[in-house]
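# Coordinate analysis (summary)
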Amino acid sequence: MDRFTGTLRLLRLALRRDRIRLPVLIALAVGFVGGSAPAIVETFGGSKEEILSYISSAVPSVVGRIFQGAVQGPNVGSVLIAEVFLFGLFIIAIMSIFVVSRHTRHNEETGAGELISSGIVGRSAPLTAALLVAVLANAVVGLLIFGILVSVPEFNNGSSAYFAAAMAAFGILMASVSAVTAQLSDYRRGANLMAISVLGVFFVIRALGDSLGKIGADGLSVTSSWISWLSPMGWSYLVLPFAADRLFPIVMLLGLSAALSGFAYYLMSKRDIGSSIFNSKPGPARASSHLLGTMGLTHRLQKGNLTAWLVGYGVAGVLIAVVVNDFRATFEDSDVFADFITTSGNGNFMQSVIATMFPLLAAMLSAYVITAISKMQDEESSGRIEYLLGTALDKTKWMLSHVGYTLMGIVATLAVMGVAGAIAYNLATDSTTSLSGIEIGLSALASVPAMTLFMTVIVFVFALRSRFVKAFGWGFYVYCTLISSLNQIFAWPTWTSYLSPFYHTPQYPGATFDWLPIIVMSVSAVIVLIVSVAMFNRRDISLK
Amino acid sequence: MSTNIEIQNLVKEFGSFRALDGLNLQVAEGEVHGFLGPNGSGKSTTIRIILGLLKKTSGQVTLLGQEPWGNSVELHRQLAYVPGDVNLWPNLSGGECIDLLGDLRGGLNEDKRANLIERFDLDPTKKFRTYSKGNKQKVALVAALASDVDLYILDEPTSGLDPLMEATFQQYVLELKDQGKTVLLSSHILAEVEALCDRVTIIREGKTVEQGTLRNIQELQRTNFTIESKQSAEAIANLDGVHEFEQSGDKASFEVEPQHLSAITKRIAELELTHITSHPPKLEELFLRHYDHSPRTKKQ
């Protein structure tokens with residue numbers, strides 16, 4: 001077994017390197033799934049009616065089935081799956097993909113892999129160690145989710161084990177997919193992109209299968225079509241926890257994981273260290289005119305990220321429009337939402353829902369702003385900024401090119417969200433509804449000043465000290481997205497909400513459009529930006 | 001001859017750490033100036049202050065007649081810079097990196113670009129991340145040298161080049177010198193400095209410890225002796241013109257200033273010698289002395 005010599009040592013190294021990142025991702029997955037369970041029980045556990053209305057709206061909705069899966073009857077377990085399963089699967093899939101590529105391909109890319117392999121380390125040891133880390137992480141996620149679920153009386157049964165195992169097994173499968181793509185591409189991003197594309201295909205096939213499923217006679221359950229069986233993500237759903245508790249889809253997932261891992265070992269034996277099955281294609285010998293100039297480079301660095309987010313915002317827009325429409329169909333007469341309307345101002349029900357949900361969504365999607373502004377920090381921490389500023393490029397111009405691009409991205413993403421929402425809403429509803437496409441579009445764009453202010457605050461931190469950008473950005477992001485719910489739960493003073501720019505976005509439509517916060521936030525953003533530019537010009541760039 | 005770079009008493013502090021502590025450097029127009037010092041002695045920091053990328057704490061810095069901090073954009077049009085860390089955009093090709101940096105510098109000379117790519121034998125179609133260390137360095141070099149400027153600031157530009165490419169680089173710098181261009185060359189390759197540089201500045205711990213032409217640096221005029229004798233050579237240590245005396249067992253080594261050479265050799269001849277070697281000084285020895293952190297062993 002010389003091939004595996006040193007595996008345990010490398011496993012310890014990998015765990016040591018991931019001692020922060022892995023626990024954070026595990027906490028995110030477990031916190032999301034485990035944290036939602038008691039909340040769902042609290043909302044739906046007491047009344048059979050709430051569950052019934054939830055399920056009866058989820059079953060006929062095609063979009064519902066795409067994102068919530070094929071619902072299995074009116075019980076609280078069905079609600080749990082519909083609410084958390086998909087997002088939970090995505091988190092652990094991404095975690096597994098990144099863990100494996102980080103400890104295999106990325107090591108080879110940086111040269112650390114060569115150094116490791118020159119030691120007393122078997123040829124298969126690095127890949128084995130990476131896979132073991134992923135299996136361990138998924139096992140921990142599964143056990144923790146199981147542990148939290150059984151602590152909730154409604155979920156204290158064997159089904160919780162199937163639920164947790166279905167998630168963990170899918171994570172392990174995606175780790176094995178990543179093991180294969182790490183052999184195919186010669187750089188980590190390429191390998192990750194391939195693995196994420198595979199995840200996307202799994203999702204689309206499963207979504208197609210579930211949306212083509214057959215609705216049961218009682219209208220409260222859906223049987224997935226055979227197409228869902230073509231997707232390993234479908235297998236995960238088809239475990240049917242809290243309904244059928246099937247074991248064999250889990251076995252299928254683990255079997256396929258083993259087969260793919262074997263294939264990864266085979267591919268690895270066919271290639272040299274550092275090379276890959278598909279080596280990098282050569283690029284152009286000359287730069288095209290699009291790449292030249294400050295904006296050309298900024299566009300090149302930013303466009304991939306923006307494109308991905310545009311797709312995300314588009315999906316979010318469709319989703320929200322359809323959810324609103326589903327809500328209308330289900331709840332228009334319910335007392336809960338009569339209260340909701342009266343508390344959230346004038347206007348009709350749909351306007352209120354849109355006016356409440358778009359700013360919330362804009363706050364959640366402001367993650368785009370952090371990823372875009374972080375590109376500046378990447379340029380600085382990698383030292384490439386030294387090449388750039390060593391030319392006749394002005395610091396102000398460089399910074400404004402990224403800020404300007406991000407601002408353009410903010411408007412574009414929100415516009416896409418608004419337009420997608422408006423189109424989806426109008427396709428989904430009949431002509432009797434009172435919400436126009438323009439209202440939906442404007443409601444989305446009303447968040448532009450808040451997001452711009454959010455951006456300039458992050459730019460300010462970058463101008464202060466670049467290495468704080470990501471930590472501050474994500475911290476501020478979590479604060480802004482959670483504060484309004486947190487200070488309701490913990491009865492914190494209201495001013496804690498004021499610190500979030502998104503709190504000040506006017507509620508539109510539904511109330512008369514309030515220009516004051518728009519103007520105040522826009523002016524503040526300009527001031528913060530001017531100060532940031534001045535500070536950035538004044539500070540040293542941080543170099544090794 | 002005018003001065004392109006003039007630094008007097010430069011101090012740079014990073015928090016409580018004093019990276020530069022009264023550094024002096026003068027680079028005249030049309031010269032190739034060697035800038036030497038051990039790792040972490042402040043070479044790159046000095047260069048970055050010259051370029052206006054870092055802000056000095058105190059002292060005088062003039063680049064082409066101007067204070068660089070705040071005027072860097074205008075100044076950078078007149079110079080080309082190769083940083084020590086070669087790290088460009090991993091997913092751009094080498095050719096794209098060269099064109100982009102050239103464009104940002106205000107345009108590059110097409111003939112030079114083609115010529116340099118050929119001479120350095122660089123494949124411009126490879127993605128930057130796939131280049132080896134030496135080839136990455138070539139991309140950075142071509143990007144800088146293809147510009148039509150009068151001042152080149154090169155921070156350890158050749159540490160990864162093979163001997164053939166090193167020779168190409170030296171040839172190119174000599175051509176620049178013939179054209180009257182100015183080059184500030186920070187380097188660890190002493191043969192390169194000896195071959196190219198008119199004058200050198202040696203720094204240590206943020207201070208200038210030596211500057212001048214290679215011929216004028218006093219310690220480079222000395223002759224090195226190693227002798228073996230049954231008798232003690234200690235007496236030589238105290239003579240005028242003897243430096244760096246070290247005795248271990250029968251062996252003694254020391255350096256002698258040129259004007260004391262005949263007097264000292266007479267004294268050496270009086271010893272019962274079993275072995276003697278003598279060789280001209282090398283930059284390397286000067287270096288080893290300055291780079292060595294232990295206190296000097298010189299005896300007066």
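Rules and cut-offs
- Residues numbered from 1 in each chain as written.
- Chains lettered and ligands numbered in written order.
- Predicted model: local features only at pLDDT ≥ 70, side-chain atom pairs only at ≥ 80, totals over all residues.
- Heavy atoms only, no water.
- Helix = DSSP H or I, 4+ residues; strand = E, 2+ residues; numbered from the N terminus.
- Buried < 20%, exposed > 50% of the residue type's maximum accessible area, 1.4 Å probe, protein only.
- Contact = heavy atoms within 4.5 Å.
- Areas by Shrake-Rupley, 256 points an atom, 1.4 Å probe, with all protein chains shown as cover.
- Lys, Arg positive; Asp, Glu negative; His and termini not counted.
- Charge placed at Lys NZ, Arg CZ, Asp CG, Glu CD.
- Pairing = 2+ DSSP bridges.
- Axes fitted to C-alpha atoms, helices over the stretch in contact; angles between N-to-C directions.
- Phe/Tyr/Trp six-rings, centres within 6.5 Å; stacked < 30°, edge-to-face > 60°.
- Lys NZ or Arg CZ within 6 Å of the ring centre and 35° of its normal.
- Salt bridge = Lys/Arg side-chain N within 4 Å of Asp/Glu carboxyl O.
- Polar contact = N/O pair within 3.5 Å; in protein donor to acceptor, adjacent residues only side chain to side chain.
- Expected span 1.5 Å × (residues − 1).
- Bend = angle between axes of the 7 residues up to and from the residue.
- Core = buried A, V, L, I, M, F, W, Y, C linked by side-chain atoms within 4.5 Å.
- Parallel < 35°, antiparallel > 145°, perpendicular 65-115°, else oblique.
- Left-handed = near helix turned anticlockwise from the far one by under 90°.
- Domains from an automatic or database assignment.

Time to look at the overall build of chain B. On a plain count of helices and strands, chain B comes out with 10 helices and 13 strands. C-alpha atoms of chain B, sized along the principal axes, occupy 70 × 40 × 35 Å. Each of the 300 residues in chain B was classed as buried or not, and the buried ones make up 51%. For chain B, the share of sequence-separated contacts (at least 6 apart) that also reach a separation of at least 24 residues comes to 66%. Only carbon and sulfur atoms are counted for the fraction: they give 46% of the accessible area of chain B, which is about 12900 Å². Of the charged side chains in chain B, 33 are positive and 43 negative, and the gap between their average positions amounts to 3 Å.

In this section: the sheet that holds strand S4 (residues 58-63) of chain B. Residues and elements named next belong to chain B. Across the sheet, three strands lie side by side as S2-S1-S4; this open sheet has antiparallel pairing. Lying at the two open borders of the sheet, with one neighbouring strand each, are strand S2 (17-28) and S4. Each neighbouring strand pair of the sheet contributes to a mean axis angle of 15°, computed without reference to strand direction. Pairing analysis gives nine bridges linking strand S1 (residues 3-14) to S2, with the strands arranged antiparallel. Each bridged residue has a counterpart across the sheet, and for isoleucine 5 the counterpart in S2 is valine 27.

Across a regular strand the side chains alternate sides, sitting on one face of the sheet and then on the other. All names here are of chain B. Along strand S10 (residues 223-229), five of the seven residues are buried, which leaves the element largely enclosed by surrounding structure. Where S10 and strand S12 (residues 251-256) come together, six bridges link them in antiparallel fashion. In the sheet register, phenylalanine 225 faces S12, and the bridge partner there is phenylalanine 254.

Residue and element names in this part refer to chain A. For the structure on display, the rule yields 24 aromatic pairs over all chains. For the ring pair phenylalanine 32 and phenylalanine 87, a centre distance of 4.7 Å and an interplane angle of 75° mean the geometry is edge-to-face. A residue pair is termed long-range when its members are at least 10 positions apart, and phenylalanine 32 in helix H2 (residues 21-45) and phenylalanine 87 in helix H5 (residues 76-103) qualify at 55 residues. Measuring from centroid to centroid gives 5.4 Å for phenylalanine 454 and phenylalanine 502, while their planes differ by 50°, and the two rings are tilted. Taken together, the residues span a long stretch of sequence, with phenylalanine 454 in helix H20 (residues 448-464) and phenylalanine 502 in the loop between helix H22 (495-498) and helix H23 (515-538) at a distance of 48 residues. An aromatic cluster is present here, built from Phe85, Phe155, Phe163, Tyr237 and Phe242 joined pairwise through their rings. The positively charged end of lysine 395 is found above the aromatic ring belonging to phenylalanine 536, 5.2 Å away from the centroid. The positively charged end of arginine 539 is found above the aromatic ring belonging to phenylalanine 462, 5.2 Å away from the centroid.

So, on to the interface of chain B and chain A. Taken together, the contact between chain B and chain A spans 39 residues of the former and 38 residues of the latter. Linking chain B with chain A are five salt bridges. A salt bridge links Arg300(A) to Glu96(B), with the shortest nitrogen-to-oxygen separation between them at 3.5 Å. Counting every contact that joins chain B to chain A gives 18 residue pairs in polar contact (both at pLDDT 80 or more). For the side of chain B that touches chain A, the secondary-structure elements that each account for two or more residues are S1, helix H2 (72-76), strand S5 (79-82), helix H3 (94-104) and helix H4 (110-119) of chain B.

All names here are of chain A. The end-to-end C-alpha distance of H2 is 35 Å, a good match for the 36 Å that 25 residues give at a rise of 1.5 Å each. If you look at H2, its biggest bend is around 25°, right at glycine 31. Those residues of H2 that sit buried are Leu22, Ile26, Ala29, Val30, Val33, Gly34, Ser36, Ala37, Ile40, Val41 and Phe44. Against helix H3 (48-58), H5, helix H8 (125-151) and helix H9 (159-184) lie the buried residues of H2.

To continue, consider the nonpolar core. If you look at the biggest cluster of nonpolar residues, it comprises 140 residues, and the most contacted ones within it are Met399(A), Trp89(B) and Ile153(B). It is H20(A) that contributes the most residues to this core, 11 residues altogether. In this structure, Trp89(B) is in contact with Leu297(A), Leu301(A), Glu379(A), Arg384(A), Leu388(A), Cys97(B), Leu100(B), Leu101(B) and Phe128(B), ignoring residues within four places of it in sequence. Core analysis: the second largest hydrophobic core is formed by 80 residues, Val76(A), Val100(A), Ala164(A) and Phe170(A) among them.

Below, the discussion takes up the pattern of salt bridges. For the structure on display, the rule yields 25 salt bridges over all chains. In this structure, the salt-bridge partner of Lys12(B) is Asp540(A), at a minimum N-O distance of 2.4 Å. Residue Lys12(B) is found in strand S1, and its partner Asp540(A) is found in the segment after H23; the two belong to separate chains. Note that Lys43(B) is salt-bridged to Glu156(B), the shortest N-O span being 3.8 Å. Within this pair, whereas Lys43(B) is found in helix H1 (residues 43-50), its partner Glu156(B) is found in the loop between strand S6 (151-155) and helix H6 (163-178), the two being separated by 113 residues in sequence. Relative accessible area serves as the criterion here: at 23%, Glu156(B) is assigned to the partly exposed category.

A few words now on the packing of H9(A) against helix H12 (residues 248-269) of chain A. Residue and element names in this part refer to chain A. Packing of H9 against H12 brings their axes to within 8 Å, and their N-to-C directions diverge by 15°. The orientation of H9 relative to H12 falls into the category roughly parallel. Between H9 and H12 the crossing geometry is left-handed.

Once that is clear, we can look at the domain arrangement of chain A. For chain A, the domain assignment lists domain 1 (1-278) and domain 2 (289-544). Each of domain 1 of chain A and domain 2 of chain A has a C-alpha centre, and these two points are 29 Å apart.

Residue and element names in this part refer to chain A. Counting through the fold element by element, threonine 128 comes out in helix H8. For threonine 128, a relative accessible area of 13% translates into the label buried. Residue contacts for threonine 128: discarding those within four places in its chain leaves Phe4, Thr7 and Tyr265.

The next subject is unusual backbone geometry. Phi is positive for Phe242(A), which is not a glycine, with a value near 70°. Among the secondary structure elements, Phe242(A) is positioned in the loop between helix H11 (232-238) and H12.

What follows covers the environment of Pro241(A). Residue and element names in this part refer to chain A. When you line up the elements, proline 241 lands in the loop between H11 and H12. Its relative accessible area of 4% is what places proline 241 among the buried residues. A sequence separation of 164 residues divides proline 241 from glycine 77, and the C-alpha atoms of the two residues are 7.7 Å apart. If we ignore the near neighbours within four places in the chain, the residues touching proline 241 are Ile81, Ser159, Tyr162 and Phe163.

On to the environment of Ser352(A). With respect to the helices and strands, Ser352(A) occurs in helix H15 (residues 349-365). Judged by its relative accessible area of 3%, Ser352(A) is buried.

A few words on the sheet that holds strand S13 (residues 273-279) of chain B. Backbone hydrogen bonds are what pair the strands of a sheet, in a parallel or an antiparallel way. Residue and element names in this part refer to chain B. Judged by pairing direction, the sheet is antiparallel, and its four strands sit side by side in the order S11-S12-S10-S13 without closing on themselves. The sheet is open, and its two borders are formed by strand S11 (242-248) and S13, each paired with just one other strand. Across this sheet, the average inter-strand angle for adjacent strands is 15°, counted without regard to direction. Helix-sheet contacts for helix H9 (residues 261-270) involve S10, S11, S12 and S13, and the interaxial angle to S10 is about 10°.

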